[in-house]
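Here's the letter readout for the chains.
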Amino acid sequence: MLAKRIIPCMDVDKGRVVKGHKFRNIRDVADPVELAKRYNEEGADELVFYDITASHENRPIFLDIVEKTAAEIDIPFTVGGGIRSIRDIHQILRAGADKVSINSAAVQNPALISESAIKFGSQCIVLSIDAKQTGPQKWHVFIKGGREDTSLDAIEWAKQGEHLGAGEIVVNAIDTDGDKNGYHLELTKAIAGNVNVPVVASGGAGSDSHIAEVLTKADADAALAASVFHYNKIQIPELKDYLNQNGITVRR
Amino acid sequence: MIAIIDYGAGNIKSLQFALTKIGLDAQLTTDPDIIRQSTGMILPGVGAFRDAMNTLTEFDLPEVLRQETSKGKPLLGICLGMQLLYDKSYEDGESDGLELLRGEVSRIDHSVKVPHMGWNTLTHHNEDSLLNNIADNAYVYFVHSYAVSSYIPDDLISSTQYAGTVPAIVRKDNLMGMQFHPEKSGAVGIQLLQNFGAMLS
């Protein structure tokens, strides 16, 4: 049976893993390659690297980290942040990443999703959506690190993303991100119920039960989290034992 | 030396890293001479079936692969690379494959999420040296939207369940396929690559 996935996410800035809160107050955490190795050994199912600087001059450092990580781990990993062109995607995949995650650039240029899905296959094109609640059962897509409201409806955008060829959708809830009070179940469920590709929940994990909840009540296929893993607030082996005890299929 | 057929499809560096880790010398290549000198060949692949066949044809590789495998040299197809070993695929119309294994490739049923993405379990059907030290129910990492839909039952070594039985490991003599990514499947995947490596002389 297909297992639910646990995905640690690392925000990388100038060669270091960092952590912010609601996209602000960035703090240094660890060396990305070392942290990736640790998660690989602990039983993470996938990893995500986000290049949060994504400035042109820092790109070579980031690509070097991607390649060094690919040499050390034997689980899939996704790379996001600053991906704007087919060339960017090609570079990232050739450096050893398995999937690329596209966010703002897809909103500005939806053809990037369709063209890259044709060229590289849907399985490696992930549409990442930063969504914020704007009314009851209503969420808008935000871009530029959550600073700009596009007024696009998040559910409609997820459906369009699937139609364009994205093979997976990451739902990052700005409202719950960084608060450690649980994922945005309503938003995650609304999107998972409207697409036929895997959905990854992101933003708000604070405990094992939050993760169990989003995988069952909100129908997410995978749960992504950052600081709870970086600071050992959630240990992956214990988390998987807990999920297994609660009847959730996980790889152990 | 293992020749990894490098026809421009996605992430193949991870495969080379995994082989290096277990002491197998591997080279990314499209050069027929290097492929002829190899002790074994791996056909990786992500992307679309037709594009992949077209690119292989541009490099005259279908013929080289047929010649080399007819001499008994092991060939392992991974993901799309496994699908390419078959007669034909219905991805975007209908395209002929390498026709090394009998069977066809079709889209995964729409009753489930497509792509089939993530860790799923293996159920073994036939004894095989590829399965040495691989437990029944071991998890491996899949990511694909198409799957081998008709095949010769004797060729099926191991399968997984996703809207029905999905061939996961197939083998006919020196021709082998893995629908999942052994290079992305943790310790289980490394063991599978080691089992493949053990066949090479």
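Residues numbered from 1 in each chain as written. Chains lettered and ligands numbered in written order. Predicted model: local features only at pLDDT ≥ 70, side-chain atom pairs only at ≥ 80, totals over all residues. Heavy atoms only, no water.

An unreviewed UniProt entry annotates chain B as Imidazole glycerol phosphate synthase subunit HisH of Lentibacillus halodurans. Comment text from UniProt for chain B, heading Subcellular location (unreviewed entry), reads "Cytoplasm". Chain B has a UniProt comment under Pathway (unreviewed entry) that states "Amino-acid biosynthesis; L-histidine biosynthesis; L-histidine from 5-phospho-alpha-D-ribose 1-diphosphate: step 5/9." (UniProt positions renumbered as here; feature names shortened; annotations may be inferred.)

Going by what an unreviewed UniProt entry lists, chain A is known as Imidazole glycerol phosphate synthase subunit HisF and is assigned to Lentibacillus halodurans. Under the Sequence similarities (unreviewed entry) heading, UniProt states for chain A: "Belongs to the HisA/HisF family."

Caption draft 1: Local environment of the environment of Asn132(B). All names here are of chain B. By the secondary structure assignment, Asn 132 is in the loop between strand E9 (123-124) and strand E10 (139-144). Asn 132 sits 129 residues away from Ala 3 along the chain, and the two C-alpha atoms are 23 Å apart. If we skip the residues at most four places from it in the chain, Asn 132 touches Gln 191 and Asn 195. (Helix = DSSP H or I, 4+ residues; strand = E, 2+ residues; numbered from the N terminus. Contact = heavy atoms within 4.5 Å.)

Caption draft 2: Inspection of the layout of surface pockets at higher detail. Its volume calculated, the second largest pocket comes out at about 600 Å³. For the lining of the second largest pocket, the elements supplying multiple residues, two or more each, are helix H5 (111-120) and helix H6 (154-164) of chain A together with helix H3 (49-58), helix H5 (80-84) and E10 of chain B. Looking at the lining of the second largest pocket, its residues break down into 14 nonpolar, eleven polar and six charged. (1 Å grid on protein atoms, 1.4 Å probe; cavity = no way out; pocket = protein on both sides within 12 Å on 5 of 7 lines; lining within 4 Å. Points joined across faces, edges and corners; volume = space filled by probe spheres on them. Nonpolar A, V, L, I, M, F, W, Y, C, P; charged D, E, K, R; others polar.)

Caption draft 3: Broad picture of the UniProt feature "active site" (unreviewed entry) in chain B. Residue and element names in this part refer to chain B. Summarizing the sequence annotation, UniProt attributes the feature "active site" (unreviewed entry) to Cys 79, His 181 and Glu 183 in the numbering used throughout. The named residues occupy 105 residues along the chain; their greatest pairwise C-alpha distance, 11.0 Å, places them in one compact cluster. For the second largest pocket, the lining residues drawn from the annotated set are Cys 79. Relative to the helices and strands, His 181 resides in the loop between strand E14 (175-178) and helix H6 (186-197).

Caption draft 4: Summary view of the sheet that holds strand E2 (residues 26-29) of chain B. Residues and elements named next belong to chain B. An order of E2-E1-E3-E4-E14-E13-E12-E9 is seen for the eight strands of this open sheet, with the pairing classed as mixed. The outermost strands of the open sheet, each flanked by one partner alone, are E2 and E9. In this structure, strand E13 (residues 165-172) lies alongside E14, joined through four bridges in antiparallel fashion. Across the sheet, the residue bridging to Val 170 is Gly 177, located in E14. Running at roughly 140° to strand E3 (residues 40-43), helix H4 (residues 61-70) makes contact with strand E1 (2-5), E3, strand E4 (75-78) and E14 of the sheet. (Pairing = 2+ DSSP bridges. Axes fitted to C-alpha atoms, helices over the stretch in contact; angles between N-to-C directions.)

Caption draft 5: Local environment of the pairing of strand E5 (residues 77-80) of chain A. Residues and elements named next belong to chain A. The alternating pattern of E5 places Phe 77 and Val 79 and Thr 78 and Gly 80 on opposite faces, both of which are buried. When strand E4 (residues 47-51) meets E5, the two strands line up parallel, connected through four bridges. Counterpart to Leu 47 in the pairing with E5 is Phe 77. Alignment of E5 against strand E6 (residues 99-102), held across three bridges, turns out to be parallel. (Buried < 20%, exposed > 50% of the residue type's maximum accessible area, 1.4 Å probe, protein only.)

Caption draft 6: Local environment of the sheet that holds strand E11 (residues 146-151) of chain B. Residue and element names in this part refer to chain B. In spatial order, the strands read E6-E5-E7-E11; together these four strands make up an open sheet with mixed pairing. Bordering the open sheet on either side are strand E6 (95-96) and E11, each of which pairs with just one other strand. Where strand E7 (residues 103-107) and E11 come together, five bridges link them in antiparallel fashion. Along E11, the bridge assignment pairs Gly 103 with Tyr 151.

Caption draft 7: Highlighting the packing of aromatic side chains. Applying the stated rule across the entire model yields four aromatic pairs over all chains. Seen from their ring centres, Tyr39(A) and Phe229(A) are 6.3 Å apart, and the 65° between their planes marks the pair as edge-to-face. Note that Tyr39(A) is positioned in helix H1 (residues 32-42) and Phe229(A) in helix H9 (residues 227-230), a separation of 190 residues in sequence. With respect to burial, Tyr39(A) and Phe229(A) carry one shared label: buried. Ring geometry for Phe142(B) versus Phe180(B): centroids 5.6 Å apart, planes at 70°, classification edge-to-face. One end of the pair, Phe142(B), is in strand E10; the other, Phe180(B), is in the loop between E14 and H6, with 38 residues separating them in the sequence. (Phe/Tyr/Trp six-rings, centres within 6.5 Å; stacked < 30°, edge-to-face > 60°.)

Caption draft 8: Local environment of the UniProt feature "active site" (unreviewed entry) in chain A. Residue and element names in this part refer to chain A. UniProt's entry tags Asp 11 and Asp 130 with the feature "active site" (unreviewed entry), counted in the numbering of this structure. If you trace the backbone, Asp 11 turns up in strand E1 (residues 5-13). Those residues in contact with Asp 11, other than ones at most four positions away along the chain, are Arg 16, Val 17, Val 18, Tyr 50 and Ile 52. Its place among the elements puts Asp 130 in strand E7 (residues 125-135). Within the structure, the side chain of Asp 130 is placed 3.4 Å from the side chain of Asn 103, a separation counted as a polar contact. (Polar contact = N/O pair within 3.5 Å; in protein donor to acceptor, adjacent residues only side chain to side chain.)

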